[in-house]
Amino acid sequence: MSGPGAYWYGKEEMEAVNEVMQGGYLFRYGSESNPKFLHKVSTLEKEFAQYCGANYALATSSGTSSLLVSLLAMGLKPGDEVIVPAYTFVATYSAIIFAGCVPVLAEIDESLSLDPEDIEHRITPRTKAIIPVHMLGNPCNMDKLMVIAKKHNLLVLEDSCQAAGASYKGKKVGTIGDMGAFSLNIFKTINSGDGGLVVTNNEKLYEAAFGAHDQGHKPNRFGVEVGARSILGLNFRMNEITGAVGLAQLQKLDKIVATLREKRSKLKKLIAGVGGFKFRVLNDPDGGDAATLCTVIFDTREQAVKVSKALGSKTIDQSGWHVYANMEHVMKHLEEVGQPHTKGSYPKTDDILSRAMNISVGVVDGGLGAGWGININSTDAEIEAAAIQFIEACR
Ligand SMILES: *Cc1c(COP(=O)(O)O)cnc(C)c1O
């Protein structure tokens, strides 16, 4: 099981890795005059920024570190509150907590991302930022979220870890708010095993994120800077092998997303008339969703359980560390900071997730509740067979 990028590993990735190994220079910084130094990481940064239409991109060790360095770059301080959806991968919460801040959870809507109607009453004088999460490749309702953020002077960090290649009203996700964080782990659209990227249009935020990711250094694409460093940082650098694989995968991203959109639309057409469920809401009117999954929301919990069981899958509320109530360690932390949560704290989210099921299209991941469906290499016959299986399970 993996994301679509891993299904399409090929000679491009192998040759890129070989090239780096033959040079024998694996560190992201080096001398431009050293022919063995291939600066894959800085090339990935340049090309990803271009791909997203962002001024800056920074490569990191993971999506989690991308979130953390972004929060540090935005100047969030201990005790600051950050609004996040009650449905997201655990890393969104842990990054906030390790930045010293308090995650303030909010409901999702039928797009399975942050419900813009459930945010304003959660804003306090301590609220500093919102993290919309483009869950399951589907862009959030960014127009409404940005209006709320502007009105209350909040920073916006788009958790785009599951949505590389997706766009909202013509803009790539990650470039609409102040910063965007991406992951290159195996379950994402493209991957290098692990790895991450941060994008921003803001030079100050870029510099601060760069420093946070590497011991306070000023951005320096090739060589390690020696000199005054005004801020503290840690080490969340990417290495050249990872950069080489990530760069090869990036060349395939558009084709991956186009292929997934085509396969999902075939599947949707075949199952649309069955009744008893709807497809989740896709916020981008131009079809900018990455199409990594096909999410269905049944009319009743009973039907959702029956169908997912018959297919050997599960309803989304059972998908482990993606649902707030299933994250015992996060719940424990929130209780310690005086914000006790239990299942039932977010009734709208609980209701939607208990009736929803993820059908894999590109991301095949049992942990996400998407262990059943099709994949990026599925043939028309396989898509038809899956549709028939689904329809039979619905009867
Ligand atoms: C995968 C993911 C992350 C974390 O990315 P890693 O590369 O695994 O650290 C963060 N947020 C969301 C929504 C994710 O899906």
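All residue numbers here refer to positions counted from 1 along the written sequence of the relevant chain. Residue-level local features of this predicted model are given only where pLDDT is at least 70; pairs of side-chain atoms are given and counted only at 80 or more, and the full residue set underlies all totals for whole chains, interfaces and linings. Side-chain numbers here rest on the full set of heavy atoms in the structure, without hydrogens or water.

## Observations regarding the pairing of strand E5 (residues 155-159)
Okay, so step 1: Only protein chains enter the accessibility calculation, which uses a 1.4 Å probe; a residue whose area is less than 20% of its type maximum is buried, one above 50% is exposed, and one in between is partly exposed. Per the convention used, a helix needs a DSSP run of H or I reaching at least four residues, while a strand needs a run of E reaching at least two, with both numbered from the N terminus. With 4 of 5 residues buried, E5 lies mostly within the body of the structure.
Okay, so step 2: Here, strands pair whenever DSSP counts at least two bridges between them. Across 2 bridges, the pairing between strand E4 (residues 127-130) and E5 is parallel. The partner of isoleucine 130 across the bridge, within E5, is valine 156.
Okay, so step 3: Handedness is read with the strands pointing away from the viewer; a crossover is right-handed when the path from the first strand over the helix to the second is clockwise. Between the parallel pair E4 and E5, the chain is carried across by helix H6 (residues 142-151), and the sense of this crossover is right-handed.
Okay, so step 4: For E5 and strand E8 (residues 179-183), the ladder comprises 3 bridges, and the chain directions are parallel. In the strand pairing of E8, aspartate 159 is matched with alanine 181.

## Some points on the packing of helix H10 (residues 301-310) against helix H13 (residues 380-394)
Okay, so step 1: Note on definitions: angles span 0 to 180 degrees between N-to-C directions of axes, and those axes are lines fitted to C-alpha atoms, for helices only across the stretch in contact. Taken N-terminus to C-terminus, the directions of H10 and H13 make an angle of 135 degrees; their axes are 8 Å apart at the nearest point. In terms of orientation, H10 and H13 fall into the oblique class. At the point where H10 passes H13, the crossing takes the right-handed sense. Judged by residue contacts, Gln303, Lys306, Val307 and Ala310 of H10 engage Phe390, Ala393 and Cys394 from H13.
Okay, so step 2: Side-chain classes follow a simple rule in which Ala, Val, Leu, Ile, Met, Phe, Trp, Tyr, Cys and Pro form the nonpolar group, Asp, Glu, Lys and Arg form the charged group, and the remainder, Gly included, forms the polar group. By residue class, the composition of the contact of H10 with H13 is 5 nonpolar, 1 polar and 1 charged. These descriptions rest on fixed angle ranges, namely under 35 degrees for roughly parallel, over 145 for roughly antiparallel, 65 to 115 for roughly perpendicular, and the rest for oblique. Here a crossing is taken to be left-handed if its near helix is turned anticlockwise relative to the far helix by less than a right angle, and right-handed if that turn runs clockwise. Here a residue-residue contact requires only that any non-hydrogen atoms of the pair lie within 4.5 Å.

## Focus: the pattern of salt bridges
Okay, so step 1: We define a salt bridge as a side-chain nitrogen of Lys or Arg found within 4 Å of a carboxyl oxygen belonging to Asp or Glu. For the coordinates displayed, the defined rule picks out 22 salt bridges.
Okay, so step 2: Among the ionic pairs, glutamate 110 bridges to lysine 278, the shortest N-O distance being 3.2 Å. Of this pair, glutamate 110 sits in the loop between strand E3 (102-106) and E4 while lysine 278 sits in strand E10 (residues 277-279); the two residues are 168 residues apart in sequence, bridging distant segments of the chain.
Okay, so step 3: Note that lysine 348 and aspartate 115 form a salt bridge whose closest N and O atoms lie 2.8 Å from each other. Here the residue lysine 348 occupies a position in helix H12 (residues 347-354), and aspartate 115 occupies one in the loop between E3 and E4, the gap between them amounting to 233 residues.
Okay, so step 4: Members of the salt-bridge network, linked through shared partners, are Lys11, Glu12, Glu13 and Lys252.

## Here's the deal with H10
Okay, so step 1: Turning to H10, its buried residues are Gln303, Ala304, Val307 and Ser308. The arc that holds the buried residues of H10, viewed along the axis, is 120 degrees, so those residues lie on one side. What points out from H10, more than 90 degrees from its buried face, is the exposed set Glu302, Lys309 and Ala310.
Okay, so step 2: Turning to H10, the residues buried within the fold contact strand E11 (293-298), H12, strand E12 (356-360) and H13.
Okay, so step 3: The first or second residue beyond H10 is glycine 312, which carries a positive phi of 75 degrees. Comment: arc refers to directions from the helix axis out to C-beta atoms.

## Digging into the domain arrangement of the protein chain
Many authors give the size of an interface as the accessible area that is lost as the parts come together.
Okay, so step 1: Start and end positions for the domains come from either an automated domain assignment or a database one. In terms of domain boundaries, the protein chain breaks down into domain 1 (4-250) and domain 2 (255-394).
Okay, so step 2: For domain 1 and domain 2, the distance between their C-alpha centres works out to 24 Å.
Okay, so step 3: Each side of the interface is counted separately: domain 1 has 43 residues, and domain 2 has 50 residues.
Okay, so step 4: When two parts are put together, the accessible area they lose, computed with a 1.4 Å probe and summed over both, is reported as buried area. Summing both sides of the interface, domain 1 and domain 2 together bury roughly 3800 Å²; the carbon and sulfur share of this comes to 63%.
Okay, so step 5: Of all residues in domain 1, Trp8, Glu110 and Leu136 give up the largest surface area on contact with domain 2, accounting jointly for 19% of the area buried on that side.
Okay, so step 6: Ionic pairing is found between arginine 355 and glutamate 110, a salt bridge with its closest N-O pair at 4.0 Å.
Okay, so step 7: Each polar contact in these results corresponds to two N or O atoms within 3.5 Å; when the atoms are within protein, one needs to be able to donate a hydrogen and the other to accept it, and residues that are neighboring in sequence are counted only if both atoms are side-chain atoms. Connecting domain 1 to domain 2 are 21 residue pairs in polar contact (both at pLDDT 80 or more).
Okay, so step 8: Contributions of two or more residues to the side of domain 1 that touches domain 2 are made by helix H1 (4-7), helix H5 (90-98), E3 and strand E6 (167-168).
Okay, so step 9: Here the side of domain 1 that touches domain 2 takes 5 residues from E3, the largest share from any one element.
Okay, so step 10: Partitioning the side of domain 1 that touches domain 2 into residue classes produces 25 nonpolar, 12 polar and 6 charged.

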